[in-house]
Amino acid sequence: MPRVASLPGTAVAAAGATVPTWLRRAVPDAQSFAAHSLEDIALAAGAAIGSLDAVVCRQDRWAGAWRQRLALAAAALSVKQAGRVEDEAALRDAVLLTKPGDDVGPAGRMFLAWRRLVTRPSEDLLTRKDLGAVLEEFGHAPDDDALGNLTGELRGLAAGGIVDMVVGAFMAAERQAFGRAVGAWFADAMVAQRLRWTHAVPLLGAEVNAAGLARPRRSGTGIAASVDDESARAKNLLAAQARAALRAIDLSAELGRRADRLLAVAPKLRAKAADTVVDKLLSDDAIVASEKIAGMSDRGLRRLFDRLVELGAVRELSGRPTFRIYGL
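What you see as residue numbers is a count from 1 along each chain, following the sequence as written. The predicted origin of the model limits local features to residues at a pLDDT of at least 70 and limits the giving and counting of side-chain atom pairs to 80 or more, whereas totals for whole chains, interfaces and linings rest on all residues. Hydrogens and water molecules were not included; the side-chain quantities draw on all heavy atoms of the structure.

## Thoughts on the pattern of salt bridges
- A side-chain nitrogen of Lys or Arg and a carboxyl oxygen of Asp or Glu constitute a salt bridge if their distance falls within 4 Å. According to the stated counting rule, one finds 21 salt bridges in the structure shown.
- Here Arg69 makes a salt bridge to Asp285, at a shortest N to O gap of 2.4 Å. With a gap of 216 residues between them, Arg69 in helix H3 (residues 63–81) and Asp285 in the loop between helix H11 (274–283) and strand S3 (287–288) connect regions that are remote in the sequence.
- Residue Asp285 is classed as buried on the basis of its relative accessible area of 2%.
- Glu310 is the salt-bridge partner of Arg307, the closest N and O atoms lying 3.4 Å from each other. Of this pair, Arg307 and Glu310 both sit in helix H12 (residues 298–310), separated by 3 residues, roughly a single helical turn.
- Burial classes: relative accessible area under 20% of the type maximum marks a residue as buried, over 50% as exposed, and values in between as partly exposed (1.4 Å probe, protein chains only). Taking the relative accessible area as the measure of exposure, Arg307 reaches 36% and is therefore partly exposed.
- A single salt-bridge network, built from bridges that share partners, covers Arg116, Arg120, Asp124, Asp130 and Glu137. Runs of H or I in DSSP of at least four residues are treated as helices and runs of E of at least two as strands, each being numbered from the N terminus.

Structure representation (structure tokens):
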């Protein structure tokens, strides 16, 4: 793959994509967003999402692993917000080391909710069926009337302006007491649909500051205070979205380099079904060493992973001598 030259004032994020240095400077952090105008933050957020769109539209072979890695980060934050102690490693274990059909636990179900966001076609995410399933995974069980009303509300938001859409997603979740993680899931799904991405990319779900939004005040100076609070909420969310987009682009660059290494060594692999294993490594966040793959024994799979680690093409992610997990 040809090396991409860095132009003055830009930083190379991945092959074929650059993030302008001015954009990294323009995106406010969690402490400084209040000092920026809504218009400036909206401009930075639009530019960041535009840069991310270029990455998404490349449809890289390893995009599945990239989206799932982002889903894992979002799930870890959701679990932390819920007052639980499971980290990314524990979430991987809950899903990968559990037999199909067994209960993965509350934290594991939250992870499944974020995996649903990135594995289901984006056009299906806000259907009544998928919304009902994802709310159950987040620990909620709305009745049929509430679910129907929510579906209609989100469809209405999806038809409006993008700022109102993103803010409205959090407010819809807030009114139903679903929590901030659910609001982030709604917002990420609607952004994917608006941009016509085939699959969503977790953004706000992995952004700590977006989760810290406060409920707007309804006291003090009345309407004026309410307007100020709504503006602060919009600025906070847009700044969080911009930061998350840049982090996603940076992760795409990192995983892209690892994927290039894996693809470079793939022709050297002589094991049966090695191509299938490579495809799974590019499509998934991680693979357990005991996974059943047609044409390959457990011993053969372990030897293949050992060879890939030796070649620097994959990493062992669990740090354990047994029940090992591998990924880019």
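From this point, things continue past the structure.
## Thoughts on helix H7 (residues 144–158)
- Given the number of residues in a helix, its expected span is that number minus one, multiplied by 1.5 Å. Counted at 1.5 Å a residue, the expected span for H7 with its 15 residues is 21 Å, and the 21 Å between its end C-alpha atoms agrees.
- Only heavy atoms enter the contact rule, under which two residues are in contact if any of them lie within 4.5 Å. In the core, the buried residues of H7 are packed alongside helix H6 (128–137), helix H8 (162–175) and helix H9 (180–194).

## Side note on the sheet that holds strand S5 (residues 325–327)
- For two strands to count as paired, DSSP must find a minimum of two bridges between them. The strand order S3-S5-S4 describes an open sheet built from 3 strands, whose pairing is antiparallel. Looking along the sheet, the strands with just one partner apiece sit at the ends: S3 and strand S4 (315–316).
- Here S3 pairs with S5 via 2 bridges, running antiparallel. Paired with Val288 across the strands is Ile325, a residue of S5.

## Focus on the confidence of the model for the chain
- pLDDT measures the predictor's confidence residue by residue and takes values from 0 up to 100. Residues of the chain with pLDDT of at least 70 account for 88%, and the chain-wide mean is 85.
- Taken element by element, the chain is modelled with least confidence in strand S1 (residues 10–14), mean pLDDT 41, and with most confidence in helix H5 (residues 105–119), mean pLDDT 96.
- Across residues 1–16, confidence stays below pLDDT 50; counting only partners more than four residues off in sequence or on other chains, it has 29 contacts.
- Low pLDDT, under 50, characterises residues 209–227; the stretch is placed with 28 contacts to residues that sit more than four places away or in other chains.

## Quick look at the packing of H6 against H9
- What counts as an axis is a line fitted to C-alpha atoms, over the stretch in contact for a helix, and the angles between N-to-C directions run from 0 to 180 degrees. At their nearest, the axes of H6 and H9 sit 11 Å apart, and the two run at 150° to each other. Relative to H9, the element H6 lies roughly antiparallel. Crossing of H6 against H9: the hand is right-handed. Listed contacts from H9 to Leu131, Val134 and Leu135 of H6 are Val182, Trp185 and Phe186.
- Among the residues forming the contact of H6 with H9, the class breakdown is 6 nonpolar, no polar and no charged. Should an angle lie under 35 degrees it is considered roughly parallel, over 145 roughly antiparallel, and from 65 to 115 roughly perpendicular; all remaining angles are considered oblique. Handedness of a helix crossing follows the sense of rotation of the near helix relative to the far helix, less than a right angle counterclockwise being left-handed and clockwise being right-handed. Residues were grouped as follows: Ala, Val, Leu, Ile, Met, Phe, Trp, Tyr, Cys and Pro as nonpolar; Asp, Glu, Lys and Arg as charged; and all remaining residues, including Gly, as polar.

## Some words on the side chain of Asp188
- Within the element layout of this structure, Asp188 appears in helix H9.
- This count recognises Lys and Arg as positive and Asp and Glu as negative, with His and chain-terminal groups excluded. Buried within the structure, Asp188 lacks any salt-bridge partner; Arg247 is the closest side chain of opposite charge, at an N-O distance of 9.5 Å.
- Residues in contact with Asp188, not counting those within four places in the same chain, are Trp114, Leu117, Ala200, Val201, Pro202, Leu203, Leu204 and Gly205.

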